[in-house]
Amino acid sequence: MYFNIMITFSYATIGVMSGTSLDGIDLSYSVLRKENAWDFRIIHAETIAYPLDWQSRLREAYTYNTEQLKILDQEYTRFLGSVISDFIKKNNIRSIEAVCSHGHTILHQPALGVTLQIGNQKELAALIGYKVICDFRVQDVKLGGQGAPLVPIGDQLLFGQYQYCVNLGGFANISMQMGSERIAYDICPVNIVLNKIVARLGYAYDDRGEIAASGALISDLLEELEMLSYYEKKPPKSLGLEWVEQVIVPILKKYESTGEAAILHTFCIHIARQIAKQLDVIGVGKALFTGGGVYNVFLIKEIKKYTSTTIVVPDPTVVEYKEALIFSFLGVLRLRDEPNCLKSVTGASRNHSSGNIFNP
């Protein structure tokens, strides 16, 4: 006689994510379960805004020398430790398998074999008193990969009912299943540019995209943006802050006299067109849209103009904390010694299980 015994694995973890748009540190406490397939439940989630001094330091850190970066890394690790500890205490969290932290990206130049996420020091585990899994990108770059994007394994195993998963954060990125392989890449800048423009007006972000909606199209600017060579590259490919500063910022400066509203309007049209080009690649279907950019009503409206794919915006918790959740998932896969970086996504020489494990 044979018995079909179903084994369920369950992991309670904290995911920590800081994006390039500097809108804050996302923390999610979730339970990830595997029976036949993976599922999840987000129990607590919160975004901790950066104090102004940390915003300033992180924004300019790509210009720092080696010694300055070393000091910044140490101080950011301590800052991150206090944020995580406060989150645990505030929510009275008792059961934690691991804290899975992305850190904050300062440098990302995979072609040069360089990627740096600060806040991933071994000291973090001692500061919070729990096992830490972190620094997920470095190994992939050493294996010849882009080190990004890392979220697609979560898209595949947690959100596989969607043909496309698109995140609108500092950058827009997309993932999709093409045959037996997961394909993913960065599409274009989003909030990292939009927030920079609107900051000149004294705002942290363009609420609902209302300023952008009030502007007029700058045809010459749109044409110049559409011709950027990055958009012609085949994946795997990824973007970083340095590219924005070196390529996008000089272009936008040429049009400063037209005013922020017009530049915001035009850049939103540019984002919409670039994203729409990537949809419908594997056929018209459903696309899950997450990240802070989904609250830009004008931007979402423009994207819908250019694509036949149905855009699905989930509940706010998934919108805002999907990436933090998936970094928890990357950590769980690392604990299980299962691949969490896909060579089809990053271009690495092989699939691998990435991330440092530090015990307190």
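Preceding block: the structure.
A short tour of the structure in this document, coming up. All of these numbers come straight from a predicted model, not from anything done at the bench. (Residues numbered from 1 in each chain as written. Predicted model: local features only at pLDDT ≥ 70, side-chain atom pairs only at ≥ 80, totals over all residues. Heavy atoms only, no water.)

1. Here's the deal with the pairing of strand β7 (residues 164–168)
Across the five residues that make up β7, a large majority, five, are buried. Where burial is concerned, the two faces of β7 agree: the one with Tyr164, Val166 and Leu168 and the one with Cys165 and Asn167 are both buried. Pairing analysis gives five bridges linking β7 to strand β8 (residues 171–178), with the strands arranged antiparallel. By the bridge assignment for β8, Cys165 is matched with Ser175. Here β7 folds back onto β8, and the loop between the two strands holds two residues. Looking at chain direction, β7 and strand β10 (residues 286–290) are connected through four bridges and run parallel. When the bridges of β10 are listed, Tyr164 appears paired with Ala287. (Buried < 20%, exposed > 50% of the residue type's maximum accessible area, 1.4 Å probe, protein only. Helix = DSSP H or I, 4+ residues; strand = E, 2+ residues; numbered from the N terminus. Pairing = 2+ DSSP bridges.)

2. With respect to helix α6 (residues 191–199)
Within α6, seven of the nine residues are buried, which leaves it mostly tucked inside the rest of the structure. Taken together, the buried positions of α6 are occupied by Asn191, Ile192, Val193, Leu194, Asn195, Ile197 and Val198. Turning to α6, the residues buried within the fold contact β7, β8, β9 (181–189), α7 (210–214), α9 (241–253) and α10 (260–278). (Contact = heavy atoms within 4.5 Å.)

3. Quick look at the pattern of salt bridges
If you walk through the whole model with that rule in mind, you get 12 salt bridges. Ionic pairing is found between Asp39 and Arg33, a salt bridge with its closest N-O pair at 3.4 Å. A relative accessible area of 34% places Asp39 in the partly exposed class. (Salt bridge = Lys/Arg side-chain N within 4 Å of Asp/Glu carboxyl O.)

4. Re the packing of α10 against helix α11 (residues 297–306)
At their nearest, the axes of α10 and α11 sit 8 Å apart, and the two run at 40° to each other. Here α10 is positioned oblique relative to α11, judged by the angle of their axes. The crossing of α10 and α11 is right-handed. Two secondary-structure elements touch here, α10 through His265, Cys268, Ile269, Ile271, Ala272, Arg273, Ile275 and Ala276 and α11 through Phe298, Leu299, Glu302, Ile303 and Tyr306. The class makeup of the residues in the contact of α10 with α11 is 10 nonpolar, one polar and two charged. (Axes fitted to C-alpha atoms, helices over the stretch in contact; angles between N-to-C directions. Parallel < 35°, antiparallel > 145°, perpendicular 65-115°, else oblique. Left-handed = near helix turned anticlockwise from the far one by under 90°. Nonpolar A, V, L, I, M, F, W, Y, C, P; charged D, E, K, R; others polar.)

5. A word on the state of the cysteines
Per the counting criterion, the structure on display carries zero disulfides. Of all cysteine sulfurs, the one in Cys134 lies closest to Cys100, which takes part in no disulfide; the gap is 9.6 Å. (Disulfide = S-S within 2.5 Å.)

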